[in-house]
Every structure is written in C-alpha cells, then in structure tokens.
Amino acid sequence: MTQRAQDLGITIGQGTPGPLNAITDVPGVRVGHASIHADLADGRSVRTGVTVIEPRAGLARQSPCFAGVHVLNGNGDATGLEWVREAGLLTSPIAFTNTHSVGVVRDSLIALEREALPADDRGLYWNMPVVMETFDGLLNDINGFHVKPEHVRQALAAAGDGLPQEGAVGGGSGMICHEFKGGSGTASRRLPAEQGGWTVGAIVQANHGKREALLVGGYPVGRHLGHLPSPFQPQLPHPGMGSIVVALATDAPLLPHQCARLAQRAGIGIARTGGGTEDSSGDIFIAFATGNDGLPPADYANKGAFTTPLRMVNNDHISALFAAAAEAVEEAIVNALLAADTVSGNGHRAEGLSAEQLVTALKAAGWRR
C-alpha cells in the first residue's frame, strides 16, 4: 500500500489535514481518472490519460461556482480561463491531460455535457470547459494523440468523492517531477472552528522541478538523492523542464477576486518544494469556492432574478485560507512523488521515489520524526 507523507510522519506546515487529506474533503468535489498505459507493436509507448475534477454534484453549468486563476509562469496552455477571469465563474468540470490532448478533452467535455442535459432543455447552449495540461512527451507517445473521447467519458464516470488515486494515473500517467516519476497528488487542510472551520483542498499534476532543488518539509532532501538513477540522459532536455497545474477547492464563501488570491498561493507551496523558477515550466493554477449556493446557471435563455444574495470571507480572516492552500499544494506534490512507481516508455525511464529513499534522505538532511 502506498504511503503518503502523513503516513510517514512528515509534517507539512502547521495546519490540520481533512479526513481524507484530499481535495475531496471539500463537500461535493469529485475526482476521476482514466489512464492509458500500453506498449504498441511498433515500439511506441503510451503513458497518458485524463483526470477530471467536478466542483459540485451534478452539472457544473447548472450550479456554477465562483473561481479565479493565477499564472506563475506561462510556458503552458489551458482552455476556458479567460471566461473565468472575466466572469469569475467556473461553469464546467476541470480536466488535466497532456499538452497535445487539450483539444480533444475540451471538445469531449462539451459533447458529454450536451448528452447530460434534459431532452427538453431549450436554453441557449454554450460551454468553454477548463482543460489544463503538462507535457508527458518523454515517457509517452504524445504525438500519437491517444486520448480519445471515450477516455474523457471514463474519467467522468469514475469520478467519486473518496480518496483519489495518486501517482502515475490519469493525466499524470507520464509525468516526471524533480527527476523522479511524478503525476497526480492531493492533500487538504481544515481550519479550526475559530478560523471559520472551512476546508481547502488541492490536486496537482506535477511534472516539474530539479532533483537537487527538492525540499520536503523544509529539508533539502534533493542534495541527498543525487546518487539515485535519473530518468534523464545527456541528449534529453535539461532537468527541470515541464510544468505543474493545480486546482484548489474550498467551501469557504469566497468572491472571484478572493479565489484568484487563493490560487496565487499555490505558487508558495510549489516554492516550498523547490519548484517554480524554471523558464520552461508552465505553472497555471485555478481555485474555486463552493461556499455560495444559488448562483445563476450558465444559460441566458432562462433568466432569473436581477440579484443574488452572497456571502464573503472578510479579508481580515482570509490569511488562514491562504496558508491552508500553500500547505495543501506542498503536501500534494510530495504525495504525488511517493505514489508514483517507476515507469519506462519510449526509451526513457523515470524512477519512482520510494518511502524508504525519502525517509533516508530526510534523516541525512537532519530530520527527526
């Protein structure tokens, strides 16, 4: 059974994890993966997939959330973010996949939502789904376009509110993190009642970072892991290339500009693990808040009331949410590393970082449980 940072006694920050220590600790949030792992007859390797995050039960367009976006470094791509910035609303699931499959995932989410709408729905339909990417072209035949509409359907069908699978799954199947096998990771923080009692959850697709820079719980473990095999060969691009995308969820009643501020704090969690400084990394974050119910559906044909009553967290109480977001992202990256086993593909090999290797490096760096 995979051991997570919490299981090893590694303390990330000062906050308290939720029951699952996952983004699904935020009520209503669901996560599903579809993984494509195959070796083709012509020698190509397929190590890719799709991950979907549903912000609420049911169709997101019928029950939107306030949301905000932050870009730490723009060497990446995503669909749907301009409308999130403009309107402050998330009206679709969020999907993670590889760089060259963004288009098919976007189109598939539109088609699947159309299927899910009632047959008598006469609303003026439009959809700009949020799809985010990182590059898996070392381990995966990325130019083979192996992600198909059926994989998006599978990921949505698999979405659940339990502990999401981590590591080399879904969109994270072919990703490399700090020169180890990376991929999907998640974590959460629940604030005490006197700070609002809200939960902040994070899910990452980690495909970034140099080994020598890796920090865990503040300890420079990367310096003590250099002797382990590296997936990189001299002819490959330099270590540290890649990207990380992050989705943050909270049940706090945040307004759109506050969601953008929350998303910005994902960069702190990445920095605390030694990432966030590479030109070749696309570091794009989205945060959504489910704390305001009853926002109008994304449908111009069925207009409702002129105004909607809202709540918001006052700014003099929002810092605790920022701290929770940073800690959740930091721990999610460590969990992604611990969950990912060694993966080979297309002549390359990404070694998994075992719990034993990490604990040994932590002790060498001065950590005492």
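Just so it is clear, the model here is predicted, and its values are computed rather than measured. (Residues numbered from 1 in each chain as written. Predicted model: local features only at pLDDT ≥ 70, side-chain atom pairs only at ≥ 80, totals over all residues. Heavy atoms only, no water.)

If you look at soluble globular proteins, the nonpolar side chains tend to sit buried side by side. Grouped together as the largest cluster of nonpolar side chains are 55 residues, with contacts concentrated most on Ile 10, Val 246, Leu 248, Leu 254, Leu 321, Val 329 and Leu 358. Mapped by element, the contributors of at least two residues to this core are strand E11 (199-209), strand E12 (240-250), helix H4 (256-264), helix H5 (266-272), strand E13 (281-289), helix H6 (319-339) and helix H7 (355-364). With twelve residues, the single largest contributor to this core is H6. Setting aside residues up to four positions removed in sequence, Leu 358 forms contacts with Ile 10, Val 216, Val 221, Val 334, Leu 338 and Leu 353. Counting residues in hydrophobic clusters, the runner-up holds 23 residues, among them Val 31, Leu 90, Met 132 and Phe 288. (Core = buried A, V, L, I, M, F, W, Y, C linked by side-chain atoms within 4.5 Å. Buried < 20%, exposed > 50% of the residue type's maximum accessible area, 1.4 Å probe, protein only. Helix = DSSP H or I, 4+ residues; strand = E, 2+ residues; numbered from the N terminus. Contact = heavy atoms within 4.5 Å.)

Here we come to H4. Turning to H4, its buried residues number three or more, namely Gln 258, Cys 259, Leu 262 and Ala 263. Projected down its long axis, H4 shows its buried positions confined to an angular sector of 145°, all on one face. (Arc of directions from axis to C-beta.)

Turning our eyes to something else, we now look at the side chain of Ser 45. Looking at the secondary structure, you find Ser 45 in strand E2 (residues 45-54). Of note is the side chain of Ser 45, whose polar atom sits 3.1 Å from the backbone nitrogen of Asn 346. Residues in contact with Ser 45, not counting those within four places in the same chain, are Ala 38, Asp 39, Leu 139, Asn 140, Asp 141, Gly 345 and Asn 346. (Polar contact = N/O pair within 3.5 Å; in protein donor to acceptor, adjacent residues only side chain to side chain.)

The next thing to look at is the packing of aromatic side chains. Under the counting rule described, the total for this entry stands at one aromatic pair. Ring geometry for Trp 83 against Trp 126: centres 5.9 Å apart, planes inclined by 85°, an arrangement best described as edge-to-face. In this pair, Trp 83 is assigned in helix H1 (residues 81-87) and Trp 126 in the loop between helix H2 (102-116) and strand E7 (130-134), connecting sequence segments 43 residues apart. Residue class for Trp 83 comes out partly exposed when judged on its relative accessible area of 26%. (Phe/Tyr/Trp six-rings, centres within 6.5 Å; stacked < 30°, edge-to-face > 60°.)

Take the pattern of salt bridges next. All told, the structure shown has 15 salt bridges when counted by the stated rule. The partner of Arg 44 in a salt bridge is Asp 42, with the nearest N and O atoms 2.8 Å apart. Salt bridges linked by common partners bring Asp 42, Arg 44 and Asp 141 together as one network. (Salt bridge = Lys/Arg side-chain N within 4 Å of Asp/Glu carboxyl O.)

For the rest of this paragraph, the subject is the sheet that holds strand E10 (residues 183-190). Remark on secondary structure: sheet strands pair via backbone hydrogen bonds, oriented parallel or antiparallel. Across the sheet, six strands lie side by side as E5-E3-E13-E12-E11-E10; this open sheet has mixed pairing. Only two strands of the sheet have a single neighbouring strand rather than two, namely strand E5 (89-90) and E10. In terms of strand pairing, E10 meets E11 through eight bridges, oriented antiparallel. Pairing of Ser 184 across the sheet is with Gln 205, part of E11. Seen against the sheet, H4 touches strand E3 (65-74), E12 and E13 and runs at an angle of roughly 40° to E3. Across the face of the sheet, H6 comes into contact with E10, E11 and E12 while running at roughly 145° to E10. (Pairing = 2+ DSSP bridges. Axes fitted to C-alpha atoms, helices over the stretch in contact; angles between N-to-C directions.)

Take it as geometry only, folks, not as evidence of what the structure does.
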